[in-house]
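Structure assessment
For reference, the chains in residue letters:
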Amino acid sequence: MISINYRDNRPIYEQVRDSLRQLITSGAIPPGGKLPSVRELAAELAINPNTIQRAYRELESEGYITSQPGRGSFAMECTGAREERRAELWKTLDAAAAELRWLGVSREELLEHIIGGDRDAED
């Protein structure tokens, strides 16, 4: 489900947050799906529960999960993701596309990759 890379420069809570975000957006955790409790996930990953709590708090503020006292945390529909996150992703995509164009990738290749390309087939 989630793995921690101790060689990654990102803080552990960001790795957890990003992994959970990916699981939610990919459908691996469906809308309404229950996330592991903070303590369960902390024990599974052998990290401090406060680290998990911070990741959950950020995911909730971004609109990916909702927490219900006494019941736990649940994945939400991602269609209502916050505008801030959408803007952040557009900026990242724009920067990557600009660099790829500089490296000689054609517009057609970019469009094919974004619209219908299969990244895993190229790796």
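To be clear, the structure that these remarks concern was listed above.
Residues numbered from 1 in each chain as written. Predicted model: local features only at pLDDT ≥ 70, side-chain atom pairs only at ≥ 80, totals over all residues. Heavy atoms only, no water.

**Some points on the pattern of salt bridges**
All chains considered together, the criterion is met by six salt bridges. Between Glu 58 and Arg 17 there is a salt bridge, with the nearest N and O atoms lying 2.6 Å from each other. Pair noted here: Glu 58 is in helix α3 (residues 49-62) and Arg 17 is in helix α1 (residues 12-26), with a separation of 41 residues, a long-range link. Under the relative-accessibility criterion, Arg 17 is labelled buried at 12%. If you follow the salt bridges from partner to partner, you end up with Asp 8, Arg 10, Arg 17, Asp 18, Arg 21, Glu 58 and Glu 62 in one network. (Salt bridge = Lys/Arg side-chain N within 4 Å of Asp/Glu carboxyl O. Helix = DSSP H or I, 4+ residues; strand = E, 2+ residues; numbered from the N terminus. Buried < 20%, exposed > 50% of the residue type's maximum accessible area, 1.4 Å probe, protein only.)

**Focus on the packing of aromatic side chains**
For the coordinates displayed, the defined rule picks out zero aromatic pairs. Positioned over the ring face of Phe 74 is Lys 34, at 5.8 Å from the centre of the ring. Stacked on the ring of Tyr 13, the Lys or Arg Arg 54 has its end atom at 3.8 Å from the ring centre. (Phe/Tyr/Trp six-rings, centres within 6.5 Å; stacked < 30°, edge-to-face > 60°. Lys NZ or Arg CZ within 6 Å of the ring centre and 35° of its normal.)

**Some remarks on the pairing of strand β2 (residues 72-75)**
Direction of pairing for strand β1 (residues 65-68) relative to β2: antiparallel, over a ladder of four bridges. By the bridge assignment, Ser 67 is partnered in β2 with Ser 73. In sequence, β1 turns back onto β2 through a hairpin of three residues, with Gly 70 there showing a positive phi of about 85°. (Pairing = 2+ DSSP bridges.)

**Examining unusual backbone geometry**
The residue Ala 46 is not glycine, and still its phi comes out positive at about 55°. Here Ala 46 shows up in the loop between α2 (38-45) and α3. By relative accessible area, which is 64% here, Ala 46 ends up exposed.

**A word on α3**
The end-to-end C-alpha separation of α3 is 20 Å, in line with the 20 Å expected for 14 residues at 1.5 Å each. Three or more residues of α3 are buried, namely Ile 52, Ala 55, Tyr 56, Leu 59 and Glu 62. Looking straight down α3, one finds that the buried residues subtend no more than 125° of arc, so they occupy a single side. With its phi angle positive at about 90°, Gly 63 sits one or two positions after the end of α3. (Expected span 1.5 Å × (residues − 1). Arc of directions from axis to C-beta.)

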